[in-house]
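Read off the chains here:
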Amino acid sequence: MTHSPTLITNPTLFVPTAAFEQISTLPQRHTLPGAELMVFQFSNGYGAAVTRQLSRPEDSAFEFCVLDCMQPTPQPCFSTTVATAFLSGLSREGTEGLLMLTERLGLHPRRVQANSSLLDEEF
């Protein structure tokens, strides 16, 4: 007697994900009830939290927040020229534009200070 294999699928593997082709950094992805959270961390000391609400139409499914990634845990940052608040109701294209602006921000002041301190060190 032979048994045919049973395919077991995990529904979280089939959550649609947003592609941001213009962004060089891959996000950490987290599955939330009814949403996907993507956390980006850029080399300039900033990052972004992007949430995609799965129940909303693609043209307004995204929420965006700039992050201060110079903390042990990234924290919302409202002092940049990119966004001074949480933004919601965004399209994928609008969100990608905000991510590009965040990735291109100047160095975070703490990153500048850390770099200056390293220049003063003798190795």
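What you see is a predicted model; the values in this text were computed from it and never measured.

### Here we look at the overall build of the chain
When its secondary structure is counted, the chain shows two helices and six strands. Residue burial in the chain is summarised as follows: out of 123 residues, 36% are buried. For the chain, the share of sequence-separated contacts (at least 6 apart) that also reach a separation of at least 24 residues comes to 45%. By element, 56% of the accessible surface of the chain is carried by carbon and sulfur atoms, the whole surface being about 8100 Å².

### Remarks on the nonpolar core
Residues Phe20, Phe40, Val50, Phe64 and Leu99 are the most contacted members of the largest nonpolar core, which totals 20 residues. Going through the elements one at a time, β2 (35–41), β3 (46–53), β4 (62–68) and α1 (92–103) are the ones with two or more residues in this core. Beyond its immediate sequence surroundings of up to four residues, Val50 is in contact with Phe20, Glu36, Leu37, Met38, Phe40, Phe62, Glu63, Phe64, Thr95 and Leu99. Formed by five residues, the second largest nonpolar core is a distinct cluster that contains Val39, Ala49, Leu67 and Cys69.

### As for the packing of aromatic side chains
All told, the structure shown has four aromatic pairs when counted by the stated rule. An angle of 70° between the planes, with centres 6.1 Å apart, marks the rings of Phe20 and Phe62 as edge-to-face. You can see Phe20 sitting in the segment before β1 (28–32) and its partner Phe62 sitting in strand β4, a full 42 residues away along the chain. Here Phe20 and Phe62 have matching classes, each one buried. An aromatic cluster is built from Phe20, Phe40, Phe42 and Phe62, whose rings are joined through pairwise contacts.

### So, the side chain of Thr95
Residue position: Thr95 is located in helix α1. Apart from the residues within four sequence positions on either side, Thr95 is in contact with Phe20, Val50, Phe62, Phe64 and Leu90.

### Quick look at the environment of Cys65
Within the secondary structure, Cys65 sits in strand β4. Taking the relative accessible area as the measure of exposure, Cys65 reaches 3% and is therefore buried. As for Cys65 and Leu87, which are separated by 22 residues in sequence, their C-alpha atoms are 6.5 Å apart. For Cys65, the contacting residues outside a window of four places in its chain are Gly47, Ala48, Ala49, Pro76, Phe78 and Phe86.

### A short note on α1
Its 12 residues give α1 an end-to-end C-alpha distance of 16 Å, which sits within 8% of 16 Å, the value for a rise of 1.5 Å per residue. Of all the positions in α1, only Arg92, Thr95, Glu96, Leu98, Leu99, Met100 and Thr102 are classed as buried. Its buried side turned inward, α1 meets β2, β3, β4 and β6 (87–90).

Parameters and conventions
- Residues numbered from 1 in each chain as written.
- Predicted model: local features only at pLDDT ≥ 70, side-chain atom pairs only at ≥ 80, totals over all residues.
- Heavy atoms only, no water.
- Helix = DSSP H or I, 4+ residues; strand = E, 2+ residues; numbered from the N terminus.
- Buried < 20%, exposed > 50% of the residue type's maximum accessible area, 1.4 Å probe, protein only.
- Contact = heavy atoms within 4.5 Å.
- Areas by Shrake-Rupley, 256 points an atom, 1.4 Å probe, with all protein chains shown as cover.
- Core = buried A, V, L, I, M, F, W, Y, C linked by side-chain atoms within 4.5 Å.
- Phe/Tyr/Trp six-rings, centres within 6.5 Å; stacked < 30°, edge-to-face > 60°.
- Expected span 1.5 Å × (residues − 1).

Spatial relationships are all this shows, so hold off on functional conclusions.
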